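# Descriptive analysis of the structure
Here is what each chain is made of, one letter per residue.
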Amino acid sequence: MTGTGILYRAFLRRDRWVVLWWTVAITVSYWSQAISVESLYATQAEFDRAAAAMESNPAMIAMTGPARALNTVGGQVTWQATAFGAILAGLMSMFLVGRHTRGEEESGRDELVRSAAVGRRAPLAATMLVVLTANLLIAALVALSLVSVPLATADSVALGVGLGLCGLLFGAVALFAAQLTSTTRAAYGLTGAVMAAAYALRAVGDVGNEALSWLSPIGWYQRMYAFSDLQWWPALLLLVATVVTSLAAVAVFERRDIGSGVLAARPGPGVASARLSSPFGLAWRLQRGALLGWGAGMLLVGVAYGTIGDSAGDLIGDSEAARQMMAAGGADLVRGFHAISMLMLAMLSCGFAISSALRPRGEEDDGRAEPLLATGISRSRWLLAQVSVTVLGTVLVLGAAGVGMGVGYVLVVDAPGAVWRFTWQTLSWLPAVLVLAGLARLLYGFGARLASFAWLGLGFCAVVLILGEVLRFPDWLRDLSPFEHLAMVPVEPADPAAFVVVLAVAALMSATGWFAFTRRDIG
């Protein structure tokens, strides 16, 4: 264990911003649920009516969890936030573990570190200490944020503790997966499959045989029943499973060689597929996994929005502010809710569009772009292939969100043709999403170090959307957001001219980035 402390401090320093953003995002997801629910219903009678509508919706129960005490703020927070919060904490832990274990071995830095006076288990111990620190921070901040609302202290602490233990358990699963596989991507895939199975078992168990929910760590977390007859003993299941999985990971680690996994990597084909012989084929292959993950995730989120169906009025209650926001200029409440939902789905899809547009920067940083460009592939062809995958992937991800929303709506409302209608209405936000991808391309074209600032564009658009009216931003400032120029379909009729103009802006930004990229140094 020699060197564990030094590695722990080094890992923590590298991860300080990553952990901070994950912690803030997860904490806000819990706190915002409490604040929004508390201000949504003017009377308890409205709250009871909305809770009854939610309890009778199996699709929403499958998406979120067992419906208990939904006519209380704490019950709503538990119901709406725990399943997705556990997944987010699990993803954070998975990325931290992958970065410091399998990722370090792949890059060769782990071998360099081990050439010094460092114990064999020190990197694993330091990694799990970082994961423990991050999850403790999340647990504490979630509990404090709920207590500040104010909600019951013991139940708020239980929600935070359960969340932290879920993140820790999925971190241990990622540590175990890193010993089985020889690549970071495979470790992520194995851990992601475990999380997906945990979520699916909980969903099926919550609407059918409850025994299945007891096979899922997320089910254990939700069965602590915070804000509805709190019980602590399910937390012991999470703790014991974390310890057992971590010990299993260490045992496997002791029996494998550094740089390899227990499961032997399959040799690739002697000759590359014809699809990989083109820049587009290679770019598609590199981004295929992320595209599938984002597509599946957005499909599920769309289903969650769609299953609310025509019950938006019951869920919103008689809150005048919420009704004015959803009515969006005098339209009926249901169509206003659908328009806001599609806008939110488009904002979420920007995450894929920007990360996809930044993929060339990763290739350049890792040194893979330079040898590729030393062949007969020109910079223009290479970058054009990346742009094509970004545009195509954005269409598919945004379309998947629309399809999911339509499918969810059809599950609760007899509305033939809703899937197609929701899909094209969601795709009406495509130009705005591509503008943010174009901004990433523009910044990358002028310099790889500038590319990350593209995320500020998404943050700015979110601030304008949420706080633009409240803070009375001037029109010129709000007009900088591409989402301000497109029609709020279905509340407003589609505006083809605005669609084309915003799309042209996206193309112009991307073309300018391409022009700059062809004239700067690589690396």
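First things first, this report covers the structure right here in the doc.

Cut-offs used in this document
Residues numbered from 1 in each chain as written. Predicted model: local features only at pLDDT ≥ 70, side-chain atom pairs only at ≥ 80, totals over all residues. Heavy atoms only, no water. Phe/Tyr/Trp six-rings, centres within 6.5 Å; stacked < 30°, edge-to-face > 60°. Helix = DSSP H or I, 4+ residues; strand = E, 2+ residues; numbered from the N terminus. Buried < 20%, exposed > 50% of the residue type's maximum accessible area, 1.4 Å probe, protein only. Lys NZ or Arg CZ within 6 Å of the ring centre and 35° of its normal. Salt bridge = Lys/Arg side-chain N within 4 Å of Asp/Glu carboxyl O. Contact = heavy atoms within 4.5 Å. Expected span 1.5 Å × (residues − 1). Arc of directions from axis to C-beta.

What follows is about the packing of aromatic side chains. If you walk through the whole model with that rule in mind, you get ten aromatic pairs. With a centroid separation of 6.3 Å and an interplanar angle of 35 degrees, the aromatic rings of Phe84 and Tyr199 are classed as tilted. Of the two residues, Phe84 sits in helix α4 (residues 73–100) while Tyr199 sits in helix α9 (residues 184–207), which places them 115 residues apart along the sequence. The class of Phe84 is partly exposed, set by a relative accessible area of 35%. With a relative accessible area of 13%, Tyr199 lands in the buried category. Pairwise contacts between aromatic rings join Trp22, Phe95 and Tyr188 into one cluster. Above the plane of the ring of Trp214 lies Arg223, whose end atom (NZ or CZ) is 5.9 Å from the centre.

Counting across every chain of the model gives 16 salt bridges. Across the pair Glu363 and Arg368 runs a salt bridge, and its minimum N-O distance is 3.1 Å. Accessibility expressed as a relative area gives 42% for Arg368, which makes it partly exposed. Residues joined in a network through salt bridges with shared partners are Arg14, Glu104 and Arg109.

Within the secondary structure, Val410 is located in helix α18 (residues 379–412). Residue class for Val410 comes out partly exposed when judged on its relative accessible area of 38%. Placed 104 residues apart in sequence, Val410 and Gly306 show a C-alpha to C-alpha distance of 7.9 Å. Setting aside chain neighbours within four positions, we find Val410 in contact with Ala415, Ala418 and Val419.

The next thing to look at is unusual backbone geometry. Of note, the amide linkage connecting Val149 to Pro150 takes the cis form, showing an omega dihedral of 10 degrees. With respect to the helices, strands and loops of the structure, Pro150 is situated in the loop between α7 (122–147) and α8 (153–180). In the segment running from Val489 into Pro490, the intervening peptide bond is cis, with an omega of 10 degrees. Here Pro490 shows up in the loop between α22 (475–478) and α23 (496–517). Positive phi is not limited to glycine here, since Ala69 has a value of about 50 degrees. Its location among the elements puts Ala69 in the loop between α3 (58–64) and α4. Classification of Ala69 by relative accessible area gives partly exposed; the value is 24%. The phi angle at Asp229 is positive, at roughly 60 degrees, despite the residue not being glycine. Relative to the helices and strands, Asp229 is located in the loop between α10 (217–222) and α11 (233–253). The exposure class assigned to Asp229 is exposed, which follows from its relative accessible area of 64%.

What follows deals with α11. What sets the pattern is the α-helix's 3.6 residues per turn: residues three or four places apart point alike. The first and last C-alpha atoms of α11 sit 31 Å apart over 21 residues, in line with the 30 Å expected at 1.5 Å per residue. Of the residues making up α11, those classed as buried are Pro234, Ala235, Leu238, Ala241, Thr242, Thr245, Ser246, Ala249, Val252 and Phe253. End-on view of α11: buried residues confined to an arc of 130 degrees, all on one side of the axis. Structural note: α11 exposes Leu236, Val240, Val244 and Leu247 on the side pointing more than 90 degrees away from its buried face. For α11, the elements touching its buried residues are α6 (109–114), α7, α8 and α10.

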